[in-house]
Protein chains: 2
Amino acid sequence: MNSLRFKVINMSPPQTLAVSFLAAIFVGTLLLLLPIATTQPISPLDAMFTATSATTVTGLVVLDTGTDFTVFGQIVIMILIKIGGLGLMTFTIMIILVLGKKIGLKERILIQQSFNQTSVGGMVRLVKVLFLFALAMELIATLILSIRWVPEYGWGFGLFTSLFHAVSAFNNAGFSLWSDSLSSYVGDPTVNLVITFLFITGGIGFTVLYDLFYTRNFRHLSLHSKIMLVGTLVVNIFAMILIFVLEYMNPETLGMLTMGEKLWAAYFQAVTPRTAGFNSLDIGSLEPSTIVFLLLLMFIGAGSASTGSGIKLTTFLVIVLAVVTYLRGKNESVVFSRTIPPHIVTRSLAIVVISLMAVFGGIFLLSITEQSPFMMIVFEAFSAFGTVGLSMGLTDELSAVGKQVIMVLMFVGRIGPVTLAFALAKDFKSNVRYPKGDIFTG
Amino acid sequence: MNSLRFKVINMSPPQTLAVSFLAAIFVGTLLLLLPIATTQPISPLDAMFTATSATTVTGLVVLDTGTDFTVFGQIVIMILIKIGGLGLMTFTIMIILVLGKKIGLKERILIQQSFNQTSVGGMVRLVKVLFLFALAMELIATLILSIRWVPEYGWGFGLFTSLFHAVSAFNNAGFSLWSDSLSSYVGDPTVNLVITFLFITGGIGFTVLYDLFYTRNFRHLSLHSKIMLVGTLVVNIFAMILIFVLEYMNPETLGMLTMGEKLWAAYFQAVTPRTAGFNSLDIGSLEPSTIVFLLLLMFIGAGSASTGSGIKLTTFLVIVLAVVTYLRGKNESVVFSRTIPPHIVTRSLAIVVISLMAVFGGIFLLSITEQSPFMMIVFEAFSAFGTVGLSMGLTDELSAVGKQVIMVLMFVGRIGPVTLAFALAKDFKSNVRYPKGDIFTG
Ligand SMILES: [K+]
Ligand SMILES: [K+]
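Named according to an unreviewed UniProt entry, chain A is TrkH family potassium uptake protein originating from Thalassorhabdus alkalitolerans. Taken directly from UniProt, the Subcellular location (unreviewed entry) text for chain A runs: "Cell membrane".

Okay, the packing of helix α15 (residues 342–369) of chain A against helix α13 (residues 288–300) of chain B next. At their nearest, the axes of α15 of chain A and α13 of chain B sit 7 Å apart, and the two run at 155° to each other. On the basis of their axis angle, the class for α15 of chain A and α13 of chain B is roughly antiparallel. Contacts between α15 of chain A and α13 of chain B involve F360, I363, F364, S367 and I368 of chain A from the first element and P288, S289, V292, F293 and L296 of chain B from the second. Among the residues making up the contact of α15 of chain A with α13 of chain B, the classes are represented as eight nonpolar, two polar and no charged.

All names here are of chain A. Here the potassium ion (ligand 1) is held by the protein donor atoms V57 (O), T58 (O), N172 (O), T275 (O), A276 (O), T387 (O) and V388 (O), which lie 2.6 to 3.0 Å from it. Of note, the potassium ion (ligand 1) draws all its donor residues from one chain, in the sequence arrangement V-T-x113-N-x102-T-A-x110-T-V. Of this pair, T58 sits in the loop between α3 (44–55) and α4 (65–68) while A276 sits in the loop between α12 (259–271) and α13 (288–300), and the two are 218 residues apart along the sequence. Judged on exposure class, the residue T58 and its partner A276 are both buried.

To continue, consider the pattern of salt bridges. Using the criterion set out here, one finds eight salt bridges over all chains in the structure. Taking the shortest distance from any N to any O, the salt bridge between K82 of chain B and E138 of chain B comes out at 2.5 Å. Pair noted here: K82 of chain B is in helix α5 (residues 71–98) and E138 of chain B is in helix α7 (residues 120–153), with a separation of 56 residues, a long-range link. A relative accessible area of 16% places K82 of chain B in the buried class. A salt bridge links D188 of chain B to R148 of chain B; its shortest N-O distance comes to 2.3 Å. Of the two residues, D188 of chain B is situated in the loop between α8 (155–170) and α9 (189–204) and R148 of chain B in helix α7; the sequence distance between them amounts to 40 residues. The structure contains a network of salt bridges with shared partners spanning R148, E152 and D188 of chain A.

A few words now on the UniProt feature "transmembrane region" (unreviewed entry) in chain A. Residue and element names in this part refer to chain A. According to UniProt, the "transmembrane region" (unreviewed entry) feature falls on residues 71–99, 129–150, 193–215, 227–249, 291–324, 344–368, 374–394 and 406–425. Helix makes up 96% of residues 193–215 and strand 0%, with an end-to-end C-alpha separation of 25 Å. The span residues 344–368 is 100% helix and 0% strand, and its two end C-alpha atoms sit 37 Å from each other.

Here the focus is α8 of chain B. Residue and element names in this part refer to chain B. Under the 1.5 Å per step criterion, the end-to-end length of α8 is 22 Å for 16 residues, consistent within 8% with the ideal 22 Å. Among all positions in α8, only G158, F160, T161, S162, F164, H165, A166, V167, S168, A169 and F170 are buried. Immediately downstream of α8, the backbone of N172 shows phi near 55°, a positive value.

With a phi angle near 45°, V57 of chain A is a residue other than glycine that sits in the positive phi range. Summarising the element assignment, V57 of chain A is placed in the loop between α3 and α4.

Turning to the side chain of T395 of chain A, a few remarks are in order. Residues and elements named next belong to chain A. Looking at where T395 falls in the secondary structure, it is placed in the loop between α16 (374–385) and α17 (400–425). Within the local environment of T395, its side chain forms a polar contact with the side chain of E380, the two groups lying 2.5 Å apart. Residues in contact with T395, not counting those within four places in the same chain, are F49, L60, V61, V62 and E380.

Glancing now at the coordination of the potassium ion (ligand 2). Residues and elements named next belong to chain B. Protein-derived coordination of the potassium ion (ligand 2) comes from V57 (O), T58 (O), N172 (O), T275 (O), A276 (O), T387 (O) and V388 (O), at a distance range of 2.6 to 3.0 Å. Sequence positions of the donors to the potassium ion (ligand 2) reduce to the motif V-T-x113-N-x102-T-A-x110-T-V. Classification of T58 by relative accessible area gives buried; the value is 0%. Taking the relative accessible area as the measure of exposure, A276 reaches 0% and is therefore buried.

The rules behind the values
- Residues numbered from 1 in each chain as written.
- Chains lettered and ligands numbered in written order.
- Predicted model: local features only at pLDDT ≥ 70, side-chain atom pairs only at ≥ 80, totals over all residues.
- Heavy atoms only, no water.
- UniProt positions renumbered as here; feature names shortened; annotations may be inferred.
- Axes fitted to C-alpha atoms, helices over the stretch in contact; angles between N-to-C directions.
- Helix = DSSP H or I, 4+ residues; strand = E, 2+ residues; numbered from the N terminus.
- Parallel < 35°, antiparallel > 145°, perpendicular 65-115°, else oblique.
- Contact = heavy atoms within 4.5 Å.
- Nonpolar A, V, L, I, M, F, W, Y, C, P; charged D, E, K, R; others polar.
- Donors = N, O, S within 2.8 Å, 3.2 Å for Na, K, Ca; no water.
- Buried < 20%, exposed > 50% of the residue type's maximum accessible area, 1.4 Å probe, protein only.
- Salt bridge = Lys/Arg side-chain N within 4 Å of Asp/Glu carboxyl O.
- Expected span 1.5 Å × (residues − 1).
- Polar contact = N/O pair within 3.5 Å; in protein donor to acceptor, adjacent residues only side chain to side chain.

So, in structure tokens, the structure goes:
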């Protein structure tokens, strides 16, 4: 599909990606500007901001999705989210295949048989699997959420809001039909579990899911899958404990909740910053230390070939492993009996540094255009670049230029790291003693 | 000298460096706690903070150097500054020699004849040259500053304050006997020129000065020297223009000054953040955008084998060149007809990422211990890590734990990057087409 297009109009894969996204945003903007899309007229800038936020699956909003848009407008947003989420996922998997990357021992055989061919047929089959898997996840989740929300809101809105939040969650978009996101459901087990299960599944990466589905035995999973699964678990538990401790006494967040609600809220707040972007607590009321920690989580982001963004969890873990290796005076990072090749460490470092340059540029520009406290500006820039969608409230008060800066950050944050990983993947070679373990970064 | 010690007590060079610095700080703390050192009793924590700030040539102060310390105390601080400035410079040059790094074509021959030997004799000779050069710079500057300050303050204080500021400036320490640093001399050409000449010379690195002294022809300088000279010029001019523009209308900084004072102030504020740390404007009154830009300058810092700290200008420029190379679709960074080897790019990336981890850790801890605005905290952490010494005012109000965090950041910022460069220097090999250009980073 896209591989055909590459040849026809002679663009590089990253150029195709960028142009496709720009086209989706352009069409989305036009649709959102139609009178039937909004309850009252909106500016072209706000329409474009919304289309960009949806297509990049960010979730930062200058308008209230639930009240400023009609059901038609909300459906447009939902479709843009699906295009943005699946589009990048498809693209990343294609790159992995085209560049001939191996996806672990067992999985390699499976994927090579069915997919690992640059033929149009193979590509179309793979996209179909992906599309059907996403649809199945979203529909099952809609069903479960309906059980919770149809009794509360009736058939019409109950079903629609379930579908909307299922799509938004699986694609790590963070758009919600409620202006306080999921704060009303801070202690609700169904909503907490379904929504987080969706965005964690969507964010862990399609190759990991595929590997899990066919392997079903941890020891035989690929190195990438092992690192993603263990890393996700460790980071989430660590984040939950830290947020629980830091916010325990804060009367505006955990302080006034029951113990059950405290635990759900800490869990939700721990898993959502790595690009999901829903919130069940008021972000502006969090402790400064929690905010600083969230900056790190938002920057790290989700997994490769997923619906999430950020520098990617593997990128972060590779660097942490490399630093630990260095501090212990060893030469090679070994994890699960595999060496991490030096070129993957270099690529990870490059992704981090170039990403930070982009965020820094955004912060600098926003510090000129906006009058808000520095922490709100820094948080907004990291949230936009990680396509997270959490906000301390700056989005509501952004200047026109500020909105454009955030739009650029969302766009760069969504296609930047994977483009970078693509460009850097070709440049490095390595020779190592341990069997080489391939990890996708960016 | 130290090379002997390495063998006797069996420590690695970085360990020797850390232990020497800790010893200097310890002795300095004891001396500053003597009743004759201060005008009124001070706490051990404040004494240790001052000793750490002086030894790491940072210049962040919890006490007023001019009024809380006696002349004896001020002399102790001055000696700690000299130990800290020359100590690290000596150490870095030693590492360059011991690791057998070449310092460019012409210079290589010169240095190899005289210094490039790990024998005790060669080392001692080199340290003598360094020591005498520093002393000469400081004494000549003292003389010139005296012409300005003796008429104003009389012989005693006039001479002493000239000496103190000369030593503090050459060693990029930023300590001043005036509580508003050099703000009284914002438009004074003598003070501006002498002080900035001292800290730029001290900060550009001994190998560059040595190269300049013996080569005297730009085309024959080493790649490292060329990059440092041109880079310093370009970054300083760019910073001066940007600060001039950003602060032009600010009534609390440039706004109320004459055009002459505006230009001097913009120049001074442009060159001081790369680890000198004196100020002629009130940092707390600068525009948010200027503060964000200063964060970058403070992080970049001075040159290798200099009295300054930070990740080093070369580290920053190597990464900028690598990014430009990548954006232009080229494979190799070429500058002054030399290729920058990939292992130097990797090393630079690693220094940046690990340094940012340290700063981030500091910001996180300070966001727990301090109640001040986020921007003040971020600024203080970058200033401490870069051993810059500029402050938006947080140093005055630091909690006890906050002081300890800043002390650790200053210490890590002073010995971290060079230690890292040392450790990483051994790990990478390369093969390139262009003649290899050696650049010292960290
Ligand atoms: K999001
Ligand atoms: K300093």
